Amino acid sequence: MNLMKVAEEAFNTGVEVPEFGAGDTVSVHYKIKEGTKERVQVFRGVVIQVKGSGAGKRFTVRKMSGNVGVERIFPINSPFIEKVELNRRGKVRRARIYYFRDLTGKKARIKEKRV
């Protein structure tokens, strides 16, 4: 029996995550602990990159908060992720869209992929 598969199954949270890639707009419902209270905060933005594989897979989401860009890295198998919703599919040519950080205004739009 493969030890890596056993370890991955042990850390699997059981949360269904849709298939998404760079350029897609997602909403990540993330549990936050504040003292003794726990609440769910929604982080909605564009996926900049998906990195890693298996249990170590993680994705970076960027959103604009006011005029400030905020990026957050989420591990896919995190126990704090309640669910991930795919809002839009984006049409981009690259797997990592770091150039998106420098774009503002209309240039920062991503075309929607037709199904």
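Residues numbered from 1 in each chain as written. Predicted model: local features only at pLDDT ≥ 70, side-chain atom pairs only at ≥ 80, totals over all residues. Heavy atoms only, no water.

Enquirer: Would you mind going over the packing of aromatic side chains in detail, with residue names and values included?
Expert: The full count for this structure, using the stated rule, is five aromatic pairs. Ring centres of Phe20 and Phe59 lie 4.9 Å apart, and the angle between their planes is 75 degrees; on these two criteria the pair is classed as edge-to-face. Of the two residues, Phe20 is situated in the loop between helix H1 (3-11) and strand S1 (25-34) and Phe59 in strand S3 (residues 58-65); the sequence distance between them amounts to 39 residues. The exposure class assigned to Phe20 is buried, which follows from its relative accessible area of 12%. Looking at Arg72, its charged tip hangs above the ring of Tyr30, at a distance of 4.4 Å from the centre. (Phe/Tyr/Trp six-rings, centres within 6.5 Å; stacked < 30°, edge-to-face > 60°. Helix = DSSP H or I, 4+ residues; strand = E, 2+ residues; numbered from the N terminus. Buried < 20%, exposed > 50% of the residue type's maximum accessible area, 1.4 Å probe, protein only. Lys NZ or Arg CZ within 6 Å of the ring centre and 35° of its normal.)

Enquirer: Tell me what's going on with the nonpolar core, and back it up with residues and numbers.
Expert: If you look at the biggest cluster of nonpolar residues, it comprises 13 residues, and the most contacted ones within it are Val26, Val28, Phe59, Val61, Phe74 and Val84. Sorting elements by how many residues they give to this core places S1 first, with four residues. Other than its neighbours up to four places away in sequence, Val61 contacts Val26, Val28, Phe43, Gly45, Val46, Val47, Val70, Glu71, Arg72 and Phe74. Within the second largest apolar cluster, six residues are counted, among which are Ala22, Val46, Phe100 and Ile110. (Core = buried A, V, L, I, M, F, W, Y, C linked by side-chain atoms within 4.5 Å. Contact = heavy atoms within 4.5 Å.)

Enquirer: Hey, could you go over the environment of Ala95 for me, with residue numbers and the actual values?
Expert: Here Ala95 shows up in the segment after strand S5 (81-88). Setting aside its immediate chain neighbours within four residues, Ala95 contacts Ala22, Ile48 and Gln49.

Enquirer: Lay out the pairing of S3 with the relevant residues and their values.
Expert: Bridge count for strand S2 (residues 37-51) against S3 is five bridges, and the pairing is antiparallel. Within the sheet, the bridge partner assigned to Val50 lies in S3 and is Phe59. Between S2 and S3, which pair antiparallel and follow one another directly, the connecting turn spans six residues, one of which, Gly52, has a positive phi of 90 degrees. Relative to strand S4 (residues 68-75), S3 runs antiparallel, the two being bridged by eight bridges. Across the sheet, Ser65 pairs through a bridge with Val68, a residue of S4. With antiparallel pairing between neighbouring strands as the criterion, S3 and S4 make up a hairpin whose turn holds two residues, including Gly66 at a positive phi of roughly 75 degrees. (Pairing = 2+ DSSP bridges.)

Enquirer: Got a sec to walk through the pattern of salt bridges? Specific residues and values, please.
Expert: For the coordinates displayed, the defined rule picks out six salt bridges. Between Glu71 and Arg101 there is a salt bridge, and its shortest N-O distance comes to 2.7 Å. Taken together, the residues Glu71 in strand S4 and Arg101 in the segment after S5 connect sequence positions 30 residues apart. We classify Glu71 as partly exposed; its relative accessible area is 32%. Lys83 is the partner of Glu85 in a salt bridge, and the nearest nitrogen-oxygen pair spans 3.2 Å. For Lys83, a relative accessible area of 36% gives the class partly exposed. (Salt bridge = Lys/Arg side-chain N within 4 Å of Asp/Glu carboxyl O.)

Functional significance is not addressed by these values, which are geometric in nature.
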